[in-house]
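Residue-level structure breakdown
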Amino acid sequence: MTTDTIDLRSDTVTRPTPSMRRAMAEAAVGDDVYGEDPTLNRLQEEAAALLGKEAALFCPSGTMANLIAVLVHTRPGDEVVCESDCHVYNYEAGAMAAVAGVLPRPVKGRLGVMDPGDVVAAIRAKIYYLAQTSLLCVENTHNLAGGTVVDVIRCRELAGAARDHGLASHLDGARIFNAAAALGVEAAEIAAPFDSLMFCISKGLSAPAGSLLLGTGAFIEEARRIRKRIGGGMRQAGILAAAGLVALREIVPLLGEDHRRAKALAEVLADHPVFECRVDDVHTNIIVVTVRGGYEPGETIERLAGKGLLCGPAGGRLLRFVTHREITDGDLERAVEILRDFR
Ligand SMILES: *Cc1c(COP(=O)(O)O)cnc(C)c1O
């Protein structure tokens, strides 16, 4: 890979900023098993305040944070209602089944957004021989649907439907700050109706690793026990948390720029002989396109890579292009040129 390759495979390729590296080098740290890492404690407190939840827990990955939420909210044999293309069901190595012993109950959404009526219809009757539905998972933004946003009203409707039927609700908010930027609301407004949520600092926020799990004080107390049980307890994790604090302060405000660049890319990809997508369906920093008949997805990725533009497979005929902090306006211009002439 040459240095001027334009890497649109994922926002996870973002590297820590110079200011993050400085903060990491200088971070005051301690043993988190004793609750004594001041930087980690600070990140957890700031995250909880920012998202309007009582408490937060730093986890090594989003997958682990989602799994912990499932483990706290359910018992083995329960069912979890989730969108059929969602991350927690499709991209977490079957963790909810393999580790938590629960069954996913997928509900098809429109652009990744479930209808509250469909959610209610998927909830099992309280009969002893039926699997019991105990959790609803909502993904916002929705990754595979193309970074699409679930608006605040729909979040309230979905979490409300869950609550009315005795289910807990969990938000997979890996990219909740992208959703907030796109909707022009505080992330706390999106988070408010849900019992728990997870967000990643390792995606567009550019920190090297980590996710925050948030909820009530009692939820986080139990989550800390489960995190230990599944091997996610850490010691001087303040080194990582330091980057997270910089991410919240310095990178969150920049996400709108990634969205603007994604829109510009979508304009080229929408009216294209090789790709198909709708500009209106691009809400944030992710563009999922369909490769038109006559072109082969894997070969298309390789041919684009040969021209210096990397995108990723998204299953079947789908490809994913993701903008992020390391994609400049100059890169955008070159990407547009490469794509415009691509046949
Ligand atoms: C990346 C991602 C996760 C999981 O995060 P990891 O840190 O990669 O384990 C969960 N949900 C969504 C929507 C994601 O994009």
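See the structure shown above.
This report concerns the structure included in the present document. The structure displayed is predicted, hence computed values, not measured ones.

Procedures and definitions
Residues numbered from 1 in each chain as written. Predicted model: local features only at pLDDT ≥ 70, side-chain atom pairs only at ≥ 80, totals over all residues. Heavy atoms only, no water. Helix = DSSP H or I, 4+ residues; strand = E, 2+ residues; numbered from the N terminus. Rg over C-alpha atoms; globule rule 2.2 N^0.38 Å. Buried < 20%, exposed > 50% of the residue type's maximum accessible area, 1.4 Å probe, protein only. Contact = heavy atoms within 4.5 Å. Areas by Shrake-Rupley, 256 points an atom, 1.4 Å probe, with all protein chains shown as cover. Lys, Arg positive; Asp, Glu negative; His and termini not counted. Charge placed at Lys NZ, Arg CZ, Asp CG, Glu CD. Salt bridge = Lys/Arg side-chain N within 4 Å of Asp/Glu carboxyl O. Axes fitted to C-alpha atoms, helices over the stretch in contact; angles between N-to-C directions. Left-handed = near helix turned anticlockwise from the far one by under 90°. Nonpolar A, V, L, I, M, F, W, Y, C, P; charged D, E, K, R; others polar. Expected span 1.5 Å × (residues − 1). Near = heavy atom within 4 Å. Polar contact = N/O pair within 3.5 Å; in protein donor to acceptor, adjacent residues only side chain to side chain.

Details of the overall build of the chain
The secondary structure content of the chain amounts to 14 helices and 13 strands. For 343 residues, the compact-globule estimate of 2.2 N^0.38 gives 20 Å, and the chain sits close to it at 20 Å. Relative to its full complement of 343 residues, the chain shows a buried share of 56%. Considering only residue pairs separated by 6 or more positions, the chain has 73% of its internal contacts joining residues 24 or more positions apart. Of the roughly 14400 Å² of accessible surface on the chain, a fraction of 51% belongs to carbon and sulfur atoms. Side-chain charges of the chain comprise 37 positive and 45 negative groups, with the mean position of each set lying 2 Å from the other.

What to know about the pattern of salt bridges
The final tally for this structure, using the stated rule, is 20 salt bridges. With its nearest N and O atoms 3.7 Å apart, the salt bridge here joins Asp31 to Arg235. One end of the pair, Asp31, is in the loop between helix H1 (18-26) and helix H2 (38-51); the other, Arg235, is in the loop between helix H10 (217-229) and helix H11 (238-251), and 204 residues separate them in sequence. Note on Asp31: relative accessible area 17%, which makes it buried. For Arg235, a relative accessible area of 41% puts it in the partly exposed group. Across the salt bridge formed by Arg261 and Glu257, the nearest N and O atoms sit 3.6 Å from each other. Of the two residues, Arg261 and Glu257 are both situated in helix H12 (residues 255-270); the distance of 4 residues between them amounts to about one turn of the helix. Here the salt bridges share partners, and the residues they tie into one network are Glu257, Arg260, Arg261 and Asp329.

As for the packing of H1 against H11
Closest axis-to-axis distance for the H1/H11 pair is 8 Å, and the angle between their directions is 145°. Crossing handedness for the pair H1 and H11: right-handed. Contacts between H1 and H11 involve Ser19, Met20, Ala23 and Met24 from the former and Ile239, Leu240, Ala242, Ala243, Val246, Ala247, Glu250 and Ile251 from the latter. Each residue belonging to the contact of H1 with H11 can be placed in one class, and the counts come to 10 nonpolar, 1 polar and 1 charged.

So, H12
With 16 residues, H12 should reach 22 Å at 1.5 Å per residue; the first-to-last C-alpha distance of 22 Å fits that figure. Burial in H12 covers these residues: Leu255, Asp258, His259, Arg261, Ala262, Leu265, Ala266, Val268 and Leu269. Considering only its buried residues, H12 is in contact with helix H8 (176-183), H11, strand E9 (275-276), strand E10 (286-291), strand E13 (318-322) and helix H14 (329-340).

Considerations on the site of the ligand
In the region of the ligand, 14 residues are neighbours, and Gly62, Thr63, Asp172, Arg175 and Lys203 sit closest. Between the ligand and the protein, one listed contact pairs an oxygen atom with a side-chain N or O atom of Lys203 at 2.9 Å. Within the complex, the protein chains bury 86% of what would otherwise be the 380 Å² of accessible surface of the ligand. Counting only elements with at least two residues in the shell around the ligand, the list comes to helix H3 (62-73) and strand E7 (196-200). Grouping the constituent residues of the shell around the ligand by class yields 3 nonpolar, 6 polar and 5 charged.

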